Amino acid sequence: MEGTNPVNKKLAAALSGGAVLVLALSGCGGDDSSEKLNSWAKEVCDEVQPQAKKIEAANTSIQKQTSDNSTPADVQKTDSQAFQDMSDAYKAIGAAVNKAGAPDVEDGEKKQADAVKELNGISTSYADLKKQVDALDTKDQGKFADGLKDIATELDKLGQSGNVSLNKLQEGEVGQAMAKQESCKSASGSPSATNG
C-alpha cells in the first residue's frame, strides 16, 4: 500500500496552505470604520463563513484520507469531492464579494473587481485539479502516486499565488470593519488560520 500515503500527505500539506486564504478574510484592528463599510463587511462575512467551513471540511477529508492506508480509488474519490467543494466555495465567495458591491474606500471598485477575479480564478484552478484527479489511473499505484505529486505541486503554487487582491481588498478600514463582524471572527477562529 505504501506509495500513496506519503504523497497524499504532501497533498494535504499543500492544501491546508490554500485554505488559509479565505480564513484570512478577517483582519484585526480598531473600529473607526463607517456604518456603510460595516454593513458591507457584514454582508461579505456572513456569506464567507459557511464557505470557509466548507473549505475546512474539504481539507479535513483529504487529511483524514492520508492517515489511513487508503486505496488509490478511495483517495481519488475523496480528493475529487474535496476539490469540487473548494471550487464551489471560492466561486460562492467571489459571488458574495461581487454582490456586496464596492466597499466605501478609496479604489474600492478596483479592489473589489480584482478580488472577484482572483476568487473566480482560484475556483477554476480547483475545478481543473478535480479533472486531473479524476483522470488518474487508480489501478497503477506508481502512476497514481506520480499523478498525485503533480497535483500537490499545482496546489503548492495555488497556495502561494493566491490572495494578493484579496489582501488588498482587506487593507485598512475594510479589514477593521470585517474584524468586528461575528461571522468573520468565527470563520477565522479555526486552527488552520494560525499563520495569519
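Everything discussed here concerns the structure shown above.
Below: a short report on this structure. (Residues numbered from 1 in each chain as written. Predicted model: local features only at pLDDT ≥ 70, side-chain atom pairs only at ≥ 80, totals over all residues. Heavy atoms only, no water.)

**Here we look at the nonpolar core**
Step number 1: Residues Trp-40, Val-44, Phe-83, Val-97, Tyr-126, Leu-129 and Met-178 are the most contacted members of the largest nonpolar core, which totals 37 residues.
Step number 2: Those elements giving two or more residues to this core turn out to be helix H2 (35-67), helix H3 (72-100), helix H4 (108-134), helix H5 (141-161), helix H6 (164-169) and helix H7 (172-179).
Step number 3: When sequence neighbours within four positions are dropped, the list of residues in contact with Val-44 reads Ala-96, Val-97, Ala-100 and Met-178. (Core = buried A, V, L, I, M, F, W, Y, C linked by side-chain atoms within 4.5 Å. Buried < 20%, exposed > 50% of the residue type's maximum accessible area, 1.4 Å probe, protein only. Helix = DSSP H or I, 4+ residues; strand = E, 2+ residues; numbered from the N terminus. Contact = heavy atoms within 4.5 Å.)

**Topic: H4**
Step number 1: For H4, built from 27 residues, the straight-helix expectation of 39 Å at 1.5 Å per residue is met to within 8% by its first-to-last C-alpha distance of 39 Å.
Step number 2: Gly-108, Lys-111, Gln-112, Ala-115, Val-116, Glu-118, Leu-119, Ile-122, Ser-123, Tyr-126, Leu-129 and Val-133 are the residues of H4 that are buried. (Expected span 1.5 Å × (residues − 1).)

**A short note on the packing of H3 against H4**
Step number 1: Orientation of H3 relative to H4, taken along the N-to-C sense of each, is 165 degrees, at an axis distance of 8 Å. Classified by the angle their axes make, H3 and H4 are roughly antiparallel. For the crossing formed where H3 meets H4, the hand is left-handed.
Step number 2: Grouping the constituent residues of the contact of H3 with H4 by class yields twelve nonpolar, nine polar and four charged. (Axes fitted to C-alpha atoms, helices over the stretch in contact; angles between N-to-C directions. Parallel < 35°, antiparallel > 145°, perpendicular 65-115°, else oblique. Left-handed = near helix turned anticlockwise from the far one by under 90°. Nonpolar A, V, L, I, M, F, W, Y, C, P; charged D, E, K, R; others polar.)

**Focus: unusual backbone geometry**
Step number 1: Phi is positive for Asp-107, which is not a glycine, with a value near 60 degrees.
Step number 2: For Asp-107, the location among the structural elements is in the loop between H3 and H4.

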